[in-house]
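# Chains, contacts and geometry: an overview
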Amino acid sequence: MSMRKEIPEAELARQKEIMERVRSVTESSPRPMLAFVDTYGCQQNESDSEKLRGMLSEMGYGFTRDESEADVVVINTCAVREHAEQRILGNVGALSHTKRANREQIIAMCGCMVQEPGMAERIKRSYPYVDLVFGPHVVWRFPEYLERLLQKRKRIFDTTDDGGAIAEGLPVLRDGSVKAWLSIMYGCNYFCSYCIVPYVRGRERSRRPEDVLREARSLVEAGYKDITLLGQNVNSYGKDLDDGVDFADIIRMVNGIPGDFLIRFMTSHPKDAGERLFAAMAECEKAAHHIHLPFQAGSDRILSAMNRRYTKSDYLEKVRLARSYMPDVVLTSDVIVGFPGETEEDFRETMDVLEQVRFDALFTFIYSKRLGTPAAELADGTPREVKQERFERLLDLQNRISGEKHAEYVGRTVRVLVDAESADERADMLGRTNGGRLVHITGKAEPGSFAEVEITDSNTWALYGHIV
Ligand code: SAH
Ligand code: SF4
Ligand code: F3S
């Protein structure tokens, strides 16, 4: 029996009716109504913001990037590190001015941070001009909240956690026309000891394969060329369904959609990424040869304290296996420096993983204590300066490796998906290689087209070349 829950169609139909009612109100306004949606955090949040914009657009709102002229401001928050939260609260603090200038302005906060225990209360107390707070589980109810606020200014706080029933068929307004996010699952069951995500995003649940495929097909038909399948751990896809479809199957199914496009995915947990996935990627001509495989730490002691469920040698073996299927695979990763109790020796194990794997790029973080997670209870005696110094050594090493890896492209001609005009005076266009490396391109090409580019120069962050 599937444990999967869906928001009933009748509920979604009701939200749709509300959107039409709100639209008739906004359309009768003497000037166009404007909304500003500000997004923090990961692609999951970007994807939710695209739904919020979709709903706002259906409700007759246009968009602005200037909060002072917005009728509705939505701050979609992230809770993953303390720094992100402080930045968000600072920016929300500044909204008291826009609200004073425009009493009618509606200010909403949503996303992971508002779902943290105690946070909604804190906002209620300290930010009296915030009208609406709603958690990630009730994004689909946004039209209802907005209509209520338009009718009567009474603050609304809803951080219901219903276990995360899936809402299909919400309108989506995407940012660009070349790259698209496609959520295939939500939530996380892993409970890495440092991480807040499972607490605020709930348990893993997968969209049905037919819903994923329908959306993928519509993206290809709309001309998108780069589709990223999203989930906190995409390898868990389908475990909660009863039709036997797993993540490797999803890649094969999306690959079967006619058209010239790339399939990417984020994120893959090293414990579950394996032969089935690598084989599917190697066989499917549309699957980009890029794996983002966060290793977090190199020391087995720290990995165990992090509850990551693999060892350094397990990880290195996964990398070897991936490269045996795809010798050209681009590997990127996430690393945390300064986890409680990390010694110089532990840190050297992390450096050793960098040397052995030679990642193309790395996302590096200093450990941030998140209340409510098991790691927050651990003694953390390492001084801040020591953590900072390790962090800088890590960056130095990775910058050297990235520079060397990029230099290997010079002289080669590679296929690049052109996605935008370049702001850099040395180039006309920007694009990405199949493996996702950034390319500054000389020569004109349409965004959304594939070009053969001869690479003539490189640095730590990007490649430079001209269209052949
Ligand atoms: N589900 C993804 C990661 C989501 S969070 C995965 O498991 O790979 C993105 C990254 O933020 C993590 O990979 C981790 O490196 C970092 N991160 C998460 N919690 C953190 C914390 N408390 N302090 C510092 N970095 C953290
Ligand atoms: Fe967080 Fe771990 Fe889940 Fe990733 S797998 S979201 S790091 S708990
Ligand atoms: Fe942040 Fe939530 Fe993503 S905590 S990293 S926005 S899942």
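Residues numbered from 1 in each chain as written. Chains lettered and ligands numbered in written order. Predicted model: local features only at pLDDT ≥ 70, side-chain atom pairs only at ≥ 80, totals over all residues. Heavy atoms only, no water.

### Side note on the site of ligand 2
Near ligand 2, the surroundings consist of Cys188, Tyr190, Phe191, Cys192, Tyr194, Cys195, Val197, Pro198, Gln232, His269 and Arg308. Considering only residue class, the shell around ligand 2 consists of 8 nonpolar, 2 polar and 1 charged. (Near = heavy atom within 4 Å. Nonpolar A, V, L, I, M, F, W, Y, C, P; charged D, E, K, R; others polar.)

### Considering the sheet that holds strand E18 (residues 450-458)
Ordered by their spatial adjacency, 5 strands build a closed barrel running E15-E16-E17-E19-E18, and the pairing between neighbours is mixed. Averaged over neighbouring strand pairs, the angle between their axes works out to 50° when direction is ignored. Of the pairings in the sheet, the one linking strand E16 (residues 429-433) to strand E17 (residues 438-442) comprises 4 bridges and is antiparallel in character. Opposite Leu430, over in E17, you have His440 as the bridge partner. (Pairing = 2+ DSSP bridges. Helix = DSSP H or I, 4+ residues; strand = E, 2+ residues; numbered from the N terminus. Axes fitted to C-alpha atoms, helices over the stretch in contact; angles between N-to-C directions.)

### So, unusual backbone geometry
In this model, Met266 is joined to Thr267 through a cis peptide bond whose omega is -10°. Tracing the sequence through the fold places Thr267 in the loop between strand E11 (262-266) and helix H9 (275-283). In the Ramachandran plot, Gln296 falls in the positive-phi region, its phi being about 70° despite a non-glycine side chain. Its place among the elements puts Gln296 in the loop between strand E12 (290-292) and helix H10 (300-305).

### Remarks on the domain arrangement of the protein chain
Interfaces are often sized by the accessible area lost when the parts come together. Under the domain assignment used here, the protein chain contains domain 1 (9-158), domain 2 (180-407) and domain 3 (413-467). Here the C-alpha centroids of domain 2 and domain 3 sit 25 Å apart. Contact with domain 2, which involves 18 residues of that partner, is made by 16 residues of domain 3. Approximately 1,200 Å² of surface area, both sides summed, lies buried where domain 2 meets domain 3, with 55% of it carried by carbon and sulfur atoms. Looking at the side of domain 2 facing domain 3, the largest losses of area belong to Lys225, Leu262 and His406, adding up to 43% of the total buried there. Counting across the domain 2 and domain 3 interface gives 1 salt bridge. (Domains from an automatic or database assignment. Contact = heavy atoms within 4.5 Å. Buried area = accessible area lost by both parts, 1.4 Å probe. Salt bridge = Lys/Arg side-chain N within 4 Å of Asp/Glu carboxyl O.)

### Side note on the sheet that holds strand E4 (residues 106-111)
With parallel pairing, 6 strands are arranged side by side in an open sheet as E2-E1-E3-E4-E5-E6. The two strands at the open ends of the sheet, each matched to only one other strand, are strand E2 (62-63) and strand E6 (156-158). Strand direction decides the pairing type here: strand E3 (residues 72-77) and E4, joined by 6 bridges, are parallel. Bridged to Val74 within E4 is Ala108. Sheet strands in contact with helix H3 (residues 82-101) are E3 and E4, and its direction is about 170° off that of E3.

### Regarding the site of ligand 1
In the neighbourhood of ligand 1, 15 residues make up the surrounding shell, with Gln232, Pro294, Gln296, Asp334 and Ser368 lying closest. Between ligand 1 and Tyr194, the relevant distance is 3.0 Å, taken from a nitrogen atom to a main-chain nitrogen or oxygen of the residue. Protein coverage of the free-state accessible area of ligand 1, which is 540 Å², stands at 89%. A class-by-class count of the residues in the shell around ligand 1 yields 7 nonpolar, 4 polar and 4 charged. (Polar contact = N/O pair within 3.5 Å; in protein donor to acceptor, adjacent residues only side chain to side chain. Areas by Shrake-Rupley, 256 points an atom, 1.4 Å probe, with all protein chains shown as cover.)

### Some remarks on the environment of Ile106
The residue Ile106 is located in strand E4 in this model. Distance from Ile106 to Arg23, taken between C-alpha atoms, is 16 Å for residues 83 residues apart in sequence. Ignoring sequence-local partners within four residues, the contact set of Ile106 consists of Asp71, Val72, Val73, Asp131, Leu146, Leu149, Leu150 and Arg153.

### A short note on the packing of helix H2 (residues 43-58) against helix H5 (residues 142-151)
When two helices pack together, their arrangement is given by the angle between their axes and by how far apart the axes lie. Between H2 and H5, the shortest axis-to-axis distance is 10 Å and the interhelical angle comes to 50°. Considering the angle they form, H2 stands oblique to H5. Between H2 and H5 lies a crossing whose hand is right-handed. Along its contact with H2, which presents Leu52, Met55 and Leu56, the element H5 presents Phe142, Pro143 and Leu146. By residue class, the composition of the contact of H2 with H5 is 6 nonpolar, no polar and no charged. (Parallel < 35°, antiparallel > 145°, perpendicular 65-115°, else oblique. Left-handed = near helix turned anticlockwise from the far one by under 90°.)

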